[in-house]
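# Architecture and fold: a report
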Amino acid sequence: MGLKKGQTPSASKGTGVMDLVKELWQAAVTLRGSIEPAEYKRFVLPLIFLRFLSLRIEHHRPGALPVPRKARWSELLAHAGDDDIKARLDDALEALEKAYPDRLRGLLPRLYAASNMDRHNVTRLLHLFSRDVFTQEHGGEDLLGRVYEYFIGEFASSEGKRGGEYFTPASIVRLLVAMLEPRRGVVYDPCCGSGGMFVQTDLFAKHSRQLSFFGQESKEFTYRLCRMNLFIHGLEGDIRLGNTYSDDRHPKLKADYILSNPPFNDGSKGREGWGANQLSEDEPRRVIAGKKMPLSPRNANPMWMMHFLYHLKDGGTAGFVMAAGELSNNQTGRLEVRTALVEADFVDCVVQLSTQLFANTQIPCTLWFLSKSRTGGKASRRRLGEILFIDGRSLGALIPGSRRQKQLSDEEVERIASVYREFRLTARPQEVPGFARVASLQEVRDQGYALTPGRYVEAADVEEAEDFEERLPRLTAQLEQQLARAQELDERLRTLVKELSRGQ
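Bear in mind that the values here come from a model prediction, so they are computed numbers and not experimental data.

### Remarks on the overall build of the chain
Along its length, the chain carries 15 helices and 13 strands. A buried classification covers 53% of the 504 residues belonging to the chain. Once local pairs closer than 6 in sequence are excluded, the contacts in the chain between residues at least 24 apart make up 72%. Surface accessibility of the chain: about 23,300 Å² in total, with carbon and sulfur atoms responsible for 49%.

Here you go:
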């Protein structure tokens, strides 16, 4: 597939660029060979990173890092057909880390020579990312950034639930950013995955350099993915490796904006839970409006919400993804946290979305917005005592070529964002039956602090979603109770029979 003479990838209209990106993906997939799908990303993504660094030098970009000779793309391409090309790639990665220890330490480990990846497929991958389209003076690097993001998304989709740990679907990220409208200040994501929230936020701000990025990620490879992603998009961020629950690596940080997609219902499957027992009794994140909250040992959702609130500065707002079950769950530690957030007037908006927006789960998700700017000021209006509910379950359509995953259109993103924008900035928006309505805190109290939007927007069908991860432990507990009750009845019956026998 080619471009018209003089046309760059970034200038092509319609689906031209995406068609090219998809073509590159399909070509890369055919070269996987015997490498497991979940492992293949570890070999492909560093190649894109190497190509990017060389392109920056070839195009004489300001601030481009001088690349050691053995790590230059031209040098690797010249030896692409050699039997030792896998070892040369490892040497190239090692040379880069040694040249820039502060920025690249731990980012590019040696992995090719010791792998079972076919040498000929490595050669073909090098040629794939050497296509002329990447050498366009204007757009080659932008295209490579698109390729990197697209590849991360496709790897995530192919890995199912594991992929959801490091990639949030693009339309959900765009919606969060469109609703928060971050233009300047501190942006924080404590489970940042591959860094998509940061990249989209910078895009919204038109690369203004008025935003600073802070993040944390618990999985080492995903942490490296994020750092490479930021590097490729020309962003700097303070991204730290560690478990956010027990090792908050930004303990003093206060953010203007928090955008995040924490793991759904973390701890609900294993016997050990998510690690609530590792938090000290005086953990400051457990306090809401001066009151210490109980923890839910088998579900980390409330802990994430308390973490977000703790790291918001006065005037800041957090927008994050949550499993839909958190809207109305009444388990210990979950109802209490939800009630406290409502009563302390931090809940600004709740959006319920369609099923199938994630490749790895069919359940509907929700977006929550907690805010410390509800008293008004700084161009926002006073919203105390009000919560905006939006029911977006009818929005979204299948992604072209997919039979299982949906996405929100740009028009649908703006439809939701515009209602929240009006609510935040100018006036109480007009009610749209079945879609959007502002409710009072007293209405929420009357509903037992359930935050399911359908209860408030007069939806025809009100879903009280319960995720499988939550349903299974509940049903298991019920079964155990019923079995225990059955055993008790059985013993009583046997005793009765014996007493009757003696009476005869």
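### Regarding the packing of helix H9 (residues 196-204) against helix H10 (residues 220-232)
For the pair H9 and H10, the least separation of the axes is 9 Å and the interaxial angle reads 20°. Taken together, the axes of H9 and H10 are roughly parallel relative to one another. Crossing hand, H9 versus H10: right-handed. On the side of H9, the interface is formed by Gly196, Phe198 and Val199, while H10 contributes Cys226, Asn229 and Leu230. Here the residues of the contact of H9 with H10 are counted per class, giving 4 nonpolar, 2 polar and no charged.

### Quick word on the pairing of strand E13 (residues 436-440)
Of all 5 residues in E13, 4 are buried; the element is thus mostly enclosed. The sheet contact formed by strand E10 (residues 386-392) and E13 spans 5 bridges and is antiparallel. Looking across to E13, one finds that Ile390 is bridged to Ala436.

### Side note on the side chain of Arg119
Turning to its location among the elements, Arg119 is positioned in helix H6 (residues 119-128). Side-chain polar atoms of Arg119 contact the backbone oxygen of Gly81, separated by 3.1 Å. When sequence neighbours within four positions are dropped, the list of residues in contact with Arg119 reads Ala80, Gly81, Asp82, Asp83, Ile85 and Lys86.

### Section: empty space enclosed by the protein
Applying the stated criterion across every chain yields a total of 1 cavity of 30 Å³ or more. If you add up the space inside the largest cavity, you get close to 50 Å³. Lining the largest cavity are Arg42, Pro46, Leu107, Leu108, Pro109, Leu111, Phe221, Arg224 and Met228. When residues of the lining of the largest cavity are traced back to their parent elements, those giving at least two are helix H2 (37-58) and H10.

### Overview of the pattern of salt bridges
Where charged atoms of side chains with opposite charge meet at close range, the side chains can pair. The final tally for this structure, using the stated rule, is 29 salt bridges. Where Arg88 meets Asp82, a salt bridge forms, and the shortest distance between an N and an O atom there is 4.0 Å. Classification of Arg88 as partly exposed rests on a relative accessible area of 27%. A salt bridge links Asp391 to Arg393; its shortest N-O distance comes to 2.7 Å. In terms of burial, Asp391 and Arg393 fall into one category: buried. Residues joined by salt bridges that share partners form a network here, namely Asp91, Glu94, Lys98 and Arg110.

### Regarding H2
If you check H2, its first and last C-alpha atoms are 32 Å apart, about what 22 residues at 1.5 Å a residue would give, namely 32 Å. In terms of residue burial, H2 counts as a mostly covered element, since 16 of its 22 residues are buried.

Parameters and conventions
Residues numbered from 1 in each chain as written. Predicted model: local features only at pLDDT ≥ 70, side-chain atom pairs only at ≥ 80, totals over all residues. Heavy atoms only, no water. Helix = DSSP H or I, 4+ residues; strand = E, 2+ residues; numbered from the N terminus. Buried < 20%, exposed > 50% of the residue type's maximum accessible area, 1.4 Å probe, protein only. Contact = heavy atoms within 4.5 Å. Areas by Shrake-Rupley, 256 points an atom, 1.4 Å probe, with all protein chains shown as cover. Axes fitted to C-alpha atoms, helices over the stretch in contact; angles between N-to-C directions. Parallel < 35°, antiparallel > 145°, perpendicular 65-115°, else oblique. Left-handed = near helix turned anticlockwise from the far one by under 90°. Nonpolar A, V, L, I, M, F, W, Y, C, P; charged D, E, K, R; others polar. Pairing = 2+ DSSP bridges. Polar contact = N/O pair within 3.5 Å; in protein donor to acceptor, adjacent residues only side chain to side chain. 1 Å grid on protein atoms, 1.4 Å probe; cavity = no way out; pocket = protein on both sides within 12 Å on 5 of 7 lines; lining within 4 Å. Points joined across faces, edges and corners; volume = space filled by probe spheres on them. Salt bridge = Lys/Arg side-chain N within 4 Å of Asp/Glu carboxyl O. Expected span 1.5 Å × (residues − 1).

Fair warning: the whole summary comes from geometry, so function is off the table for now.
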